[in-house]
Amino acid sequence: MSSSKKQPAGTPPPAKSVKSAALTGVVRAPGDKSISHRSIIFGAMAEGTTEVTGLLTGDDILSTVGAMRGLGAEITEQDGTWFVKGVGKSGLQSPKTDIDCGNAGTGVRLIMGAAAGYPLSATFTGDASLSSRPMNRILNPLREMGVSAKARTTDKGEEGRLPVTLKSNGALIPIEYTPPHASAQVKSAILLAGINTKGTTTVVEPTLTRDHTENMLRAFGAVVETKSRKDATHISVTGPTPLKAAKINVPGDPSSAAFLIVAALITPGSSIIIENVMMNPTRTGLFEALTAMGAYLRADNFRKSGGETIADIEVKHSKLVGINVPENRAASMIDEYPILAVAAAFASGTTIMNGIGELRVKESDRIAATAALLSANGVKVAEREDGLTVTGNGGGLVKGGGIVKTHHDHRIAMSALILGLGAENPVTIDDASMIATSFPSFFALMHTLGAIIDYTPPADAL
Ligand SMILES: O=C(O)C1=C[C@@H](OP(=O)(O)O)[C@@H](O)[C@H](O)C1
Ligand SMILES: C=C(OP(=O)(O)O)C(=O)O
(Lines give C-alpha, C1' and ligand atoms only; values in the text may rest on other atoms or scores of the structure.)
(Ligands and ions follow the chains in the order given, each with its own letter.)
Protein backbone atom coordinates (compact mmCIF):
# COMPACT_ATOMS: atom_id res chain seq x y z
CA MET A 1 0.00 0.00 0.00
CA SER A 2 1.12 3.60 -0.48
CA SER A 3 2.79 4.99 2.57
CA SER A 4 1.94 8.46 3.91
CA LYS A 5 5.69 9.16 4.44
CA LYS A 6 7.41 11.23 1.75
CA GLN A 7 10.92 10.81 0.35
CA PRO A 8 13.25 13.78 0.75
CA ALA A 9 13.16 15.95 -2.40
CA GLY A 10 15.62 14.84 -5.10
CA THR A 11 15.94 11.24 -3.80
CA PRO A 12 14.76 8.60 -6.28
CA PRO A 13 11.61 7.00 -4.83
CA PRO A 14 12.07 3.23 -4.38
CA ALA A 15 9.18 0.73 -4.34
CA LYS A 16 8.76 -2.82 -3.05
CA SER A 17 6.33 -5.61 -3.91
CA VAL A 18 5.61 -8.70 -1.83
CA LYS A 19 3.87 -12.02 -2.34
CA SER A 20 0.20 -11.21 -2.74
CA ALA A 21 -3.05 -13.12 -2.35
CA ALA A 22 -5.39 -13.63 -5.33
CA LEU A 23 -5.91 -10.49 -7.43
CA THR A 24 -9.54 -9.72 -8.17
CA GLY A 25 -11.63 -6.91 -9.62
CA VAL A 26 -12.42 -4.92 -12.72
CA VAL A 27 -10.16 -2.07 -13.88
CA ARG A 28 -9.94 0.15 -16.94
CA ALA A 29 -6.73 0.31 -19.00
CA PRO A 30 -5.20 3.82 -19.17
CA GLY A 31 -5.06 5.66 -22.50
CA ASP A 32 -2.67 4.33 -25.13
CA LYS A 33 0.68 6.13 -25.15
CA SER A 34 1.27 5.87 -28.92
CA ILE A 35 -2.19 7.19 -29.77
CA SER A 36 -1.95 9.93 -27.13
CA HIS A 37 1.32 11.31 -28.57
CA ARG A 38 -0.11 11.24 -32.09
CA SER A 39 -3.38 12.96 -31.14
CA ILE A 40 -1.45 15.93 -29.70
CA ILE A 41 1.12 16.14 -32.52
CA PHE A 42 -1.36 15.77 -35.39
CA GLY A 43 -3.83 18.09 -33.65
CA ALA A 44 -1.08 20.72 -33.34
CA MET A 45 -0.35 20.52 -37.09
CA ALA A 46 -4.03 20.62 -38.13
CA GLU A 47 -6.38 23.45 -39.05
CA GLY A 48 -8.99 23.88 -36.29
CA THR A 49 -9.35 22.54 -32.75
CA THR A 50 -8.90 18.84 -32.09
CA GLU A 51 -10.69 17.42 -29.05
CA VAL A 52 -9.06 14.50 -27.28
CA THR A 53 -10.71 12.41 -24.57
CA GLY A 54 -9.11 9.56 -22.64
CA LEU A 55 -5.62 11.05 -23.18
CA LEU A 56 -2.86 9.33 -21.22
CA THR A 57 -1.58 12.05 -18.90
CA GLY A 58 1.78 10.33 -18.40
CA ASP A 59 4.97 12.37 -18.28
CA ASP A 60 5.90 11.38 -21.86
CA ILE A 61 2.67 12.88 -23.18
CA LEU A 62 3.01 16.00 -21.02
CA SER A 63 6.45 16.48 -22.63
CA THR A 64 4.81 16.24 -26.06
CA VAL A 65 2.16 18.78 -25.01
CA GLY A 66 4.95 21.17 -23.93
CA ALA A 67 6.87 20.55 -27.15
CA MET A 68 3.90 21.29 -29.42
CA ARG A 69 3.10 24.45 -27.44
CA GLY A 70 6.71 25.50 -28.00
CA LEU A 71 6.22 24.99 -31.75
CA GLY A 72 3.13 27.20 -31.81
CA ALA A 73 0.01 25.16 -30.92
CA GLU A 74 -2.38 26.23 -28.15
CA ILE A 75 -3.24 23.29 -25.93
CA THR A 76 -5.64 23.41 -22.97
CA GLU A 77 -7.49 20.92 -20.81
CA GLN A 78 -10.93 21.13 -19.25
CA ASP A 79 -12.66 18.39 -17.26
CA GLY A 80 -10.50 15.69 -18.83
CA THR A 81 -10.96 16.83 -22.44
CA TRP A 82 -7.87 18.21 -24.18
CA PHE A 83 -8.31 20.96 -26.79
CA VAL A 84 -5.51 21.28 -29.33
CA LYS A 85 -5.78 24.45 -31.42
CA GLY A 86 -3.60 23.59 -34.38
CA VAL A 87 -1.41 25.93 -36.38
CA GLY A 88 -3.02 24.97 -39.73
CA LYS A 89 -1.89 27.12 -42.67
CA SER A 90 0.48 29.29 -40.60
CA GLY A 91 2.53 26.18 -39.86
CA LEU A 92 4.70 25.14 -36.91
CA GLN A 93 7.09 27.95 -35.87
CA SER A 94 10.72 28.13 -34.70
CA PRO A 95 10.47 27.84 -30.90
CA LYS A 96 11.86 30.54 -28.57
CA THR A 97 13.65 27.94 -26.40
CA ASP A 98 14.91 24.35 -26.78
CA ILE A 99 12.21 21.69 -27.08
CA ASP A 100 12.64 19.26 -24.15
CA CYS A 101 11.05 15.87 -24.92
CA GLY A 102 11.87 14.37 -21.51
CA ASN A 103 12.09 10.56 -21.62
CA ALA A 104 9.96 10.06 -24.75
CA GLY A 105 11.51 8.42 -27.81
CA THR A 106 8.18 8.44 -29.62
CA GLY A 107 7.66 12.10 -28.78
CA VAL A 108 11.02 13.39 -29.96
CA ARG A 109 11.22 11.27 -33.11
CA LEU A 110 7.69 12.03 -34.33
CA ILE A 111 7.96 15.72 -33.47
CA MET A 112 11.27 16.09 -35.31
CA GLY A 113 9.65 14.47 -38.37
CA ALA A 114 6.62 16.75 -38.12
CA ALA A 115 8.75 19.90 -37.60
CA ALA A 116 10.98 19.05 -40.58
CA GLY A 117 8.13 19.79 -43.00
CA TYR A 118 8.00 23.50 -42.05
CA PRO A 119 10.47 26.37 -42.58
CA LEU A 120 11.94 26.55 -39.08
CA SER A 121 14.91 25.91 -36.88
CA ALA A 122 14.63 24.06 -33.55
CA THR A 123 16.85 22.33 -30.99
CA PHE A 124 15.55 19.17 -29.31
CA THR A 125 16.75 17.86 -25.93
CA GLY A 126 15.80 15.06 -23.53
CA ASP A 127 16.70 13.41 -20.22
CA ALA A 128 19.79 11.23 -19.69
CA SER A 129 18.05 8.10 -21.03
CA LEU A 130 16.66 9.79 -24.16
CA SER A 131 19.99 11.54 -24.78
CA SER A 132 21.70 8.14 -24.99
CA ARG A 133 19.32 6.81 -27.68
CA PRO A 134 20.09 6.82 -31.44
CA MET A 135 18.47 9.56 -33.52
CA ASN A 136 20.26 8.98 -36.85
CA ARG A 137 17.57 6.43 -37.69
CA ILE A 138 15.29 9.40 -38.36
CA LEU A 139 17.87 12.11 -39.06
CA ASN A 140 19.37 10.20 -42.02
CA PRO A 141 16.11 9.92 -43.99
CA LEU A 142 15.21 13.51 -43.04
CA ARG A 143 18.63 14.62 -44.36
CA GLU A 144 17.84 12.77 -47.61
CA MET A 145 14.69 14.88 -47.78
CA GLY A 146 16.79 18.06 -47.51
CA VAL A 147 16.77 18.86 -43.78
CA SER A 148 19.96 20.04 -42.08
CA ALA A 149 20.41 18.14 -38.81
CA LYS A 150 23.26 18.57 -36.32
CA ALA A 151 23.51 16.04 -33.53
CA ARG A 152 25.87 15.32 -30.64
CA THR A 153 28.57 12.64 -30.80
CA THR A 154 29.22 10.99 -27.41
CA ASP A 155 32.64 10.59 -25.78
CA LYS A 156 32.50 6.97 -26.97
CA GLY A 157 32.09 8.16 -30.57
CA GLU A 158 28.38 7.31 -30.87
CA GLU A 159 26.84 9.69 -33.39
CA GLY A 160 23.35 11.12 -33.72
CA ARG A 161 22.49 11.77 -30.06
CA LEU A 162 20.44 14.63 -28.56
CA PRO A 163 20.69 17.58 -28.48
CA VAL A 164 19.73 17.78 -32.15
CA THR A 165 19.31 21.04 -34.06
CA LEU A 166 17.10 20.83 -37.15
CA LYS A 167 16.95 23.48 -39.86
CA SER A 168 14.46 23.12 -42.66
CA ASN A 169 13.45 25.40 -45.52
CA GLY A 170 10.05 23.67 -45.55
CA ALA A 171 10.46 22.57 -49.18
CA LEU A 172 11.53 18.95 -48.81
CA ILE A 173 12.15 16.30 -51.46
CA PRO A 174 9.90 13.20 -51.35
CA ILE A 175 11.74 9.91 -50.83
CA GLU A 176 11.10 6.18 -50.82
CA TYR A 177 12.77 4.73 -47.74
CA THR A 178 13.19 1.24 -46.28
CA PRO A 179 14.17 1.59 -42.59
CA PRO A 180 17.01 -0.76 -41.59
CA HIS A 181 15.08 -1.74 -38.41
CA ALA A 182 11.36 -2.37 -37.98
CA SER A 183 10.29 0.91 -36.35
CA ALA A 184 6.96 2.69 -36.18
CA GLN A 185 8.76 5.78 -34.93
CA VAL A 186 10.95 5.96 -38.05
CA LYS A 187 7.97 5.27 -40.33
CA SER A 188 5.95 7.96 -38.59
CA ALA A 189 8.70 10.61 -38.66
CA ILE A 190 9.10 10.20 -42.44
CA LEU A 191 5.36 10.20 -43.15
CA LEU A 192 4.89 13.31 -41.01
CA ALA A 193 7.66 15.11 -42.90
CA GLY A 194 5.86 13.97 -46.07
CA ILE A 195 2.61 15.71 -45.09
CA ASN A 196 3.95 19.11 -46.24
CA THR A 197 6.23 17.74 -48.98
CA LYS A 198 5.16 18.06 -52.60
CA GLY A 199 4.94 14.59 -54.15
CA THR A 200 4.75 11.06 -52.77
CA THR A 201 6.81 10.03 -49.75
CA THR A 202 6.89 6.26 -49.22
CA VAL A 203 8.06 4.04 -46.37
CA VAL A 204 8.64 0.37 -47.20
CA GLU A 205 8.19 -1.98 -44.25
CA PRO A 206 9.29 -5.62 -44.64
CA THR A 207 7.61 -6.18 -41.24
CA LEU A 208 4.53 -4.09 -40.57
CA THR A 209 4.87 -2.05 -37.38
CA ARG A 210 2.06 -0.40 -35.40
CA ASP A 211 -0.11 1.46 -37.90
CA HIS A 212 -1.57 4.20 -35.70
CA THR A 213 0.04 7.00 -37.71
CA GLU A 214 -1.54 5.82 -40.95
CA ASN A 215 -4.95 5.31 -39.32
CA MET A 216 -4.95 8.61 -37.48
CA LEU A 217 -3.60 10.68 -40.38
CA ARG A 218 -6.58 9.43 -42.40
CA ALA A 219 -8.91 10.49 -39.57
CA PHE A 220 -7.33 13.97 -39.89
CA GLY A 221 -8.19 13.95 -43.62
CA ALA A 222 -4.72 13.19 -45.07
CA VAL A 223 -4.23 11.07 -48.18
CA VAL A 224 -2.35 7.98 -46.99
CA GLU A 225 -2.10 4.78 -49.03
CA THR A 226 -1.13 1.35 -47.71
CA LYS A 227 -0.29 -1.31 -50.32
CA SER A 228 0.61 -4.89 -49.43
CA ARG A 229 3.24 -6.13 -51.87
CA LYS A 230 4.90 -9.55 -51.98
CA ASP A 231 7.62 -8.97 -49.39
CA ALA A 232 6.70 -5.66 -47.82
CA THR A 233 4.03 -3.10 -47.06
CA HIS A 234 4.39 0.25 -48.86
CA ILE A 235 2.92 3.20 -47.01
CA SER A 236 2.71 6.50 -48.90
CA VAL A 237 1.58 10.00 -48.20
CA THR A 238 1.07 12.38 -51.10
CA GLY A 239 1.57 15.97 -50.09
CA PRO A 240 0.92 18.62 -49.40
CA THR A 241 -2.08 17.08 -47.70
CA PRO A 242 -3.33 19.47 -44.99
CA LEU A 243 -4.69 18.03 -41.74
CA LYS A 244 -8.13 19.02 -40.45
CA ALA A 245 -9.01 18.89 -36.74
CA ALA A 246 -10.57 15.64 -35.51
CA LYS A 247 -12.21 14.20 -32.39
CA ILE A 248 -10.14 11.43 -30.84
CA ASN A 249 -11.21 9.11 -28.05
CA VAL A 250 -8.00 7.37 -26.99
CA PRO A 251 -8.40 3.59 -26.50
CA GLY A 252 -6.74 1.72 -23.59
CA ASP A 253 -3.07 0.77 -23.84
CA PRO A 254 -2.36 -2.96 -24.41
CA SER A 255 1.26 -2.36 -23.34
CA SER A 256 0.08 -1.14 -19.92
CA ALA A 257 -2.61 -3.84 -19.66
CA ALA A 258 0.25 -6.35 -20.12
CA PHE A 259 1.48 -5.72 -16.54
CA LEU A 260 -1.96 -6.35 -15.04
CA ILE A 261 -2.41 -9.46 -17.19
CA VAL A 262 0.88 -11.04 -16.13
CA ALA A 263 0.23 -10.09 -12.49
CA ALA A 264 -3.02 -12.11 -12.58
CA LEU A 265 -1.45 -15.01 -14.49
CA ILE A 266 1.30 -15.57 -11.88
CA THR A 267 -0.69 -14.90 -8.69
CA PRO A 268 -2.63 -18.04 -7.61
CA GLY A 269 -6.42 -17.74 -7.46
CA SER A 270 -6.50 -14.46 -9.44
CA SER A 271 -9.37 -13.52 -11.72
CA ILE A 272 -9.54 -9.99 -13.12
CA ILE A 273 -11.12 -8.05 -15.97
CA ILE A 274 -9.34 -5.20 -17.78
CA GLU A 275 -11.74 -3.02 -19.74
CA ASN A 276 -11.10 -0.83 -22.77
CA VAL A 277 -7.99 -2.59 -24.18
CA MET A 278 -7.01 -1.75 -27.79
CA MET A 279 -6.90 -4.91 -29.91
CA ASN A 280 -5.13 -3.56 -33.02
CA PRO A 281 -3.30 -6.65 -34.41
CA THR A 282 -0.06 -4.65 -34.75
CA ARG A 283 -0.06 -4.45 -30.90
CA THR A 284 -1.38 -7.80 -29.64
CA GLY A 285 1.70 -10.02 -30.04
CA LEU A 286 1.97 -10.52 -26.26
CA PHE A 287 -1.60 -11.82 -26.04
CA GLU A 288 -0.76 -14.41 -28.71
CA ALA A 289 2.46 -15.40 -26.93
CA LEU A 290 0.75 -15.77 -23.55
CA THR A 291 -2.13 -17.74 -25.08
CA ALA A 292 0.43 -20.12 -26.64
CA MET A 293 1.94 -20.49 -23.13
CA GLY A 294 -1.43 -21.68 -21.83
CA ALA A 295 -2.72 -18.43 -20.34
CA TYR A 296 -6.44 -18.03 -19.64
CA LEU A 297 -7.09 -14.81 -21.58
CA ARG A 298 -10.55 -14.09 -22.97
CA ALA A 299 -11.37 -10.96 -24.97
CA ASP A 300 -15.03 -10.00 -25.04
CA ASN A 301 -17.35 -7.06 -25.77
CA PHE A 302 -15.49 -5.97 -28.92
CA ARG A 303 -16.34 -2.40 -29.98
CA LYS A 304 -14.79 0.67 -31.65
CA SER A 305 -13.10 3.61 -29.93
CA GLY A 306 -11.08 6.34 -31.65
CA GLY A 307 -11.06 4.32 -34.89
CA GLU A 308 -9.54 1.26 -33.14
CA THR A 309 -11.14 -1.98 -31.96
CA ILE A 310 -11.22 -2.34 -28.18
CA ALA A 311 -12.32 -5.20 -25.92
CA ASP A 312 -12.53 -6.22 -22.27
CA ILE A 313 -10.03 -8.89 -21.28
CA GLU A 314 -10.65 -11.51 -18.60
CA VAL A 315 -7.52 -13.08 -17.10
CA LYS A 316 -7.19 -15.95 -14.62
CA HIS A 317 -4.21 -17.43 -12.86
CA SER A 318 -2.83 -20.09 -15.23
CA LYS A 319 -0.25 -22.82 -15.47
CA LEU A 320 2.19 -21.57 -18.10
CA VAL A 321 4.58 -23.47 -20.36
CA GLY A 322 7.68 -22.05 -22.03
CA ILE A 323 7.58 -21.29 -25.75
CA ASN A 324 9.83 -20.23 -28.59
CA VAL A 325 8.52 -16.74 -29.45
CA PRO A 326 8.48 -16.36 -33.26
CA GLU A 327 10.85 -13.58 -34.35
CA ASN A 328 8.30 -12.15 -36.75
CA ARG A 329 6.08 -11.36 -33.77
CA ALA A 330 8.63 -8.94 -32.27
CA ALA A 331 7.21 -5.77 -33.85
CA SER A 332 3.74 -6.42 -32.42
CA MET A 333 5.03 -6.84 -28.85
CA ILE A 334 8.28 -4.87 -28.89
CA ASP A 335 7.66 -3.18 -25.51
CA GLU A 336 6.33 -6.34 -23.87
CA TYR A 337 9.47 -8.54 -23.72
CA PRO A 338 10.49 -7.58 -20.15
CA ILE A 339 7.05 -8.53 -18.79
CA LEU A 340 6.92 -11.64 -21.00
CA ALA A 341 10.25 -12.66 -19.44
CA VAL A 342 8.63 -12.32 -16.00
CA ALA A 343 5.73 -14.58 -17.08
CA ALA A 344 8.34 -17.03 -18.45
CA ALA A 345 10.02 -17.18 -15.02
CA PHE A 346 6.82 -18.80 -13.66
CA ALA A 347 6.37 -21.27 -16.54
CA SER A 348 7.57 -24.82 -16.85
CA GLY A 349 10.35 -25.20 -19.40
CA THR A 350 12.27 -22.52 -21.25
CA THR A 351 11.06 -19.50 -23.18
CA ILE A 352 13.28 -18.44 -26.05
CA MET A 353 13.12 -14.89 -27.41
CA ASN A 354 15.20 -14.02 -30.48
CA GLY A 355 15.39 -11.14 -32.96
CA ILE A 356 14.96 -8.51 -30.24
CA GLY A 357 18.21 -6.52 -30.67
CA GLU A 358 16.10 -3.32 -30.80
CA LEU A 359 15.53 -3.75 -27.05
CA ARG A 360 19.12 -2.64 -26.51
CA VAL A 361 18.26 0.93 -27.58
CA LYS A 362 15.05 1.54 -25.65
CA GLU A 363 14.85 3.63 -22.43
CA SER A 364 17.55 1.24 -21.16
CA ASP A 365 19.33 -1.77 -22.65
CA ARG A 366 16.28 -3.94 -21.95
CA ILE A 367 17.98 -7.25 -22.76
CA ALA A 368 20.66 -6.58 -20.13
CA ALA A 369 18.25 -4.97 -17.64
CA THR A 370 15.72 -7.84 -17.91
CA ALA A 371 18.45 -10.45 -17.50
CA ALA A 372 19.77 -8.58 -14.45
CA LEU A 373 16.30 -8.26 -12.90
CA LEU A 374 15.65 -11.98 -13.27
CA SER A 375 19.03 -13.16 -12.00
CA ALA A 376 18.86 -10.80 -9.01
CA ASN A 377 15.70 -12.69 -8.05
CA GLY A 378 16.97 -16.24 -8.51
CA VAL A 379 15.63 -16.89 -12.03
CA LYS A 380 17.90 -18.63 -14.54
CA VAL A 381 18.37 -16.53 -17.66
CA ALA A 382 20.79 -16.48 -20.60
CA GLU A 383 21.46 -13.28 -22.53
CA ARG A 384 22.46 -13.12 -26.21
CA GLU A 385 23.25 -10.10 -28.40
CA ASP A 386 19.70 -10.14 -29.78
CA GLY A 387 17.87 -12.50 -27.47
CA LEU A 388 17.06 -13.98 -24.07
CA THR A 389 16.28 -17.46 -22.81
CA VAL A 390 14.44 -17.76 -19.51
CA THR A 391 14.24 -21.05 -17.61
CA GLY A 392 10.97 -21.16 -15.72
CA ASN A 393 10.54 -22.46 -12.17
CA GLY A 394 7.66 -24.77 -13.10
CA GLY A 395 4.88 -22.71 -11.54
CA GLY A 396 5.80 -22.12 -7.88
CA LEU A 397 7.18 -19.02 -6.23
CA VAL A 398 10.41 -17.50 -7.52
CA LYS A 399 13.07 -16.75 -4.92
CA GLY A 400 12.91 -12.93 -5.11
CA GLY A 401 14.75 -10.73 -2.61
CA GLY A 402 16.55 -8.76 -5.32
CA ILE A 403 17.17 -5.02 -5.46
CA VAL A 404 16.59 -4.15 -9.10
CA LYS A 405 18.21 -1.22 -10.92
CA THR A 406 15.63 0.33 -13.22
CA HIS A 407 18.00 2.50 -15.33
CA HIS A 408 15.32 5.22 -15.86
CA ASP A 409 13.14 2.59 -17.54
CA HIS A 410 9.44 2.42 -16.65
CA ARG A 411 8.92 -1.05 -18.14
CA ILE A 412 11.83 -2.57 -16.19
CA ALA A 413 10.46 -0.95 -13.00
CA MET A 414 6.93 -2.35 -13.47
CA SER A 415 8.17 -5.79 -14.58
CA ALA A 416 10.27 -6.16 -11.42
CA LEU A 417 7.37 -5.15 -9.15
CA ILE A 418 5.06 -7.67 -10.85
CA LEU A 419 7.63 -10.44 -10.36
CA GLY A 420 7.63 -9.66 -6.63
CA LEU A 421 3.92 -10.55 -6.35
CA GLY A 422 4.88 -14.19 -6.91
CA ALA A 423 8.19 -14.22 -5.01
CA GLU A 424 9.16 -15.78 -1.65
CA ASN A 425 11.02 -12.59 -0.69
CA PRO A 426 10.13 -8.95 -1.43
CA VAL A 427 11.43 -7.38 -4.64
CA THR A 428 12.70 -3.80 -4.42
CA ILE A 429 13.29 -1.34 -7.25
CA ASP A 430 15.72 1.55 -6.79
CA ASP A 431 13.59 4.17 -8.57
CA ALA A 432 9.88 4.10 -9.32
CA SER A 433 9.64 7.64 -10.69
CA MET A 434 9.77 6.65 -14.37
CA ILE A 435 6.57 4.57 -14.07
CA ALA A 436 4.69 7.87 -14.43
CA THR A 437 6.00 8.26 -18.00
CA SER A 438 3.60 5.65 -19.37
CA PHE A 439 1.37 4.41 -16.51
CA PRO A 440 0.79 7.04 -13.80
CA SER A 441 -2.14 5.05 -12.35
CA PHE A 442 -0.08 1.82 -12.02
CA PHE A 443 0.11 1.80 -8.22
CA ALA A 444 -3.55 2.77 -7.79
CA LEU A 445 -4.78 0.06 -10.20
CA MET A 446 -2.53 -2.60 -8.67
CA HIS A 447 -3.81 -1.72 -5.19
CA THR A 448 -7.43 -1.89 -6.44
CA LEU A 449 -6.74 -5.46 -7.57
CA GLY A 450 -5.28 -6.33 -4.15
CA ALA A 451 -1.54 -6.33 -4.95
CA ILE A 452 0.80 -5.50 -2.08
CA ILE A 453 3.19 -2.88 -3.38
CA ASP A 454 4.80 -0.38 -1.08
CA TYR A 455 5.55 2.95 -2.71
CA THR A 456 6.65 6.17 -1.08
CA PRO A 457 6.15 9.08 -3.46
CA PRO A 458 8.79 11.83 -3.64
CA ALA A 459 8.28 14.93 -1.47
CA ASP A 460 7.65 17.14 -4.49
CA ALA A 461 4.97 14.82 -5.96
CA LEU A 462 1.38 16.10 -5.84
O1 LIG B 1 5.50 4.53 -32.60
C2 LIG B 1 5.31 4.33 -31.39
O3 LIG B 1 4.38 4.87 -30.76
C4 LIG B 1 6.22 3.41 -30.68
C5 LIG B 1 7.06 2.59 -31.40
C6 LIG B 1 8.00 1.64 -30.79
O7 LIG B 1 9.32 2.11 -30.96
P8 LIG B 1 10.19 1.80 -32.28
O9 LIG B 1 9.57 2.49 -33.41
O10 LIG B 1 11.56 2.35 -31.96
O11 LIG B 1 10.19 0.31 -32.41
C12 LIG B 1 7.72 1.43 -29.30
O13 LIG B 1 8.84 0.82 -28.70
C14 LIG B 1 7.39 2.71 -28.58
O15 LIG B 1 7.07 2.48 -27.23
C16 LIG B 1 6.18 3.37 -29.20
C1 LIG C 1 10.18 2.29 -25.91
C2 LIG C 1 9.21 2.96 -25.30
O3 LIG C 1 8.89 4.28 -25.51
P4 LIG C 1 9.62 5.45 -26.26
O5 LIG C 1 10.45 4.89 -27.38
O6 LIG C 1 8.54 6.35 -26.71
O7 LIG C 1 10.49 6.15 -25.24
C8 LIG C 1 8.30 2.27 -24.34
O9 LIG C 1 7.32 2.90 -23.93
O10 LIG C 1 8.53 1.11 -23.96
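Just so it is clear, the structure is predicted and the values come from calculations on it, not from any experiment.

With respect to the helices and strands, Ala-67 occurs in helix H2 (residues 59–70). Among the residues examined, Ala-67 registers a relative accessible area of 2% and is labelled buried. Taking C-alpha positions, Ala-67 is 8.9 Å from Pro-95, a pair spaced 28 residues apart along the chain. Ignoring any residue separated from it by four or fewer positions in sequence, one finds Ala-67 in contact with Ile-99, Cys-101 and Ile-111.

Partitioning the protein chain into domains gives domain 1 (15–31 + 251–455) and domain 2 (33–249). A separation of 29 Å is found between the C-alpha centroids of domain 1 and domain 2. Contacts between the two partners involve 26 residues from domain 1, matched on the other side by 25 residues from domain 2. In total, about 2,100 Å² of surface goes out of reach between domain 1 and domain 2, with carbon and sulfur atoms giving 49% of it. The interface formed by domain 1 and domain 2 holds three salt bridges in total. In this structure, the salt-bridge partner of Arg-133 is Glu-363, at a minimum N-O distance of 3.6 Å. Here domain 1 and domain 2 share 13 residue pairs in polar contact (both at pLDDT 80 or more) between them. Among the secondary structure elements, those contributing two or more residues to the side of domain 1 that touches domain 2 are helix H12 (410–420) and helix H13 (435–438). Top element by residues in the side of domain 1 that touches domain 2 is H13. It accounts for three residues.

This brings us to the site of ligand 2. Surrounding ligand 2, one finds 13 residues, the nearest of these being Lys-33, Gly-105, Thr-106, Arg-133 and Arg-411. Here an oxygen atom of ligand 2 and a side-chain polar atom of Arg-366 are 2.9 Å apart. His-410 has a polar side-chain atom sitting 3.4 Å from an oxygen atom of ligand 2. Taking 300 Å² as the accessible area of ligand 2 by itself, protein coverage stands at 99%. Elements with a contribution of two residues or more to the shell around ligand 2: helix H3 (105–116) and H12. Considering only residue class, the shell around ligand 2 consists of one nonpolar, five polar and seven charged. When residues of the shell around ligand 2 are assigned to domains, at least three fall in each of domain 1 (15–31 + 251–455) and domain 2 (33–249).

Here we come to unusual backbone geometry. Pro-163 follows Leu-162 through a cis peptide bond whose omega is 0 degrees. Within the secondary structure, Pro-163 is located in strand E9 (residues 161–169). Of the consecutive residues Gly-239 and Pro-240, the connecting peptide bond is found in the cis state with omega at -5 degrees. One non-glycine residue with positive phi stands out, namely Asn-301, at about 60 degrees. Within the secondary structure layout, Asn-301 lies in strand E16 (residues 296–305). Residue classification places Asn-301 among the partly exposed residues on the basis of a relative accessible area of 42%. Although it is not a glycine, His-407 adopts a positive phi angle of roughly 50 degrees.

Conventions we followed
- Residues numbered from 1 in each chain as written.
- Chains lettered and ligands numbered in written order.
- Predicted model: local features only at pLDDT ≥ 70, side-chain atom pairs only at ≥ 80, totals over all residues.
- Heavy atoms only, no water.
- Helix = DSSP H or I, 4+ residues; strand = E, 2+ residues; numbered from the N terminus.
- Buried < 20%, exposed > 50% of the residue type's maximum accessible area, 1.4 Å probe, protein only.
- Contact = heavy atoms within 4.5 Å.
- Domains from an automatic or database assignment.
- Buried area = accessible area lost by both parts, 1.4 Å probe.
- Salt bridge = Lys/Arg side-chain N within 4 Å of Asp/Glu carboxyl O.
- Polar contact = N/O pair within 3.5 Å; in protein donor to acceptor, adjacent residues only side chain to side chain.
- Near = heavy atom within 4 Å.
- Areas by Shrake-Rupley, 256 points an atom, 1.4 Å probe, with all protein chains shown as cover.
- Nonpolar A, V, L, I, M, F, W, Y, C, P; charged D, E, K, R; others polar.

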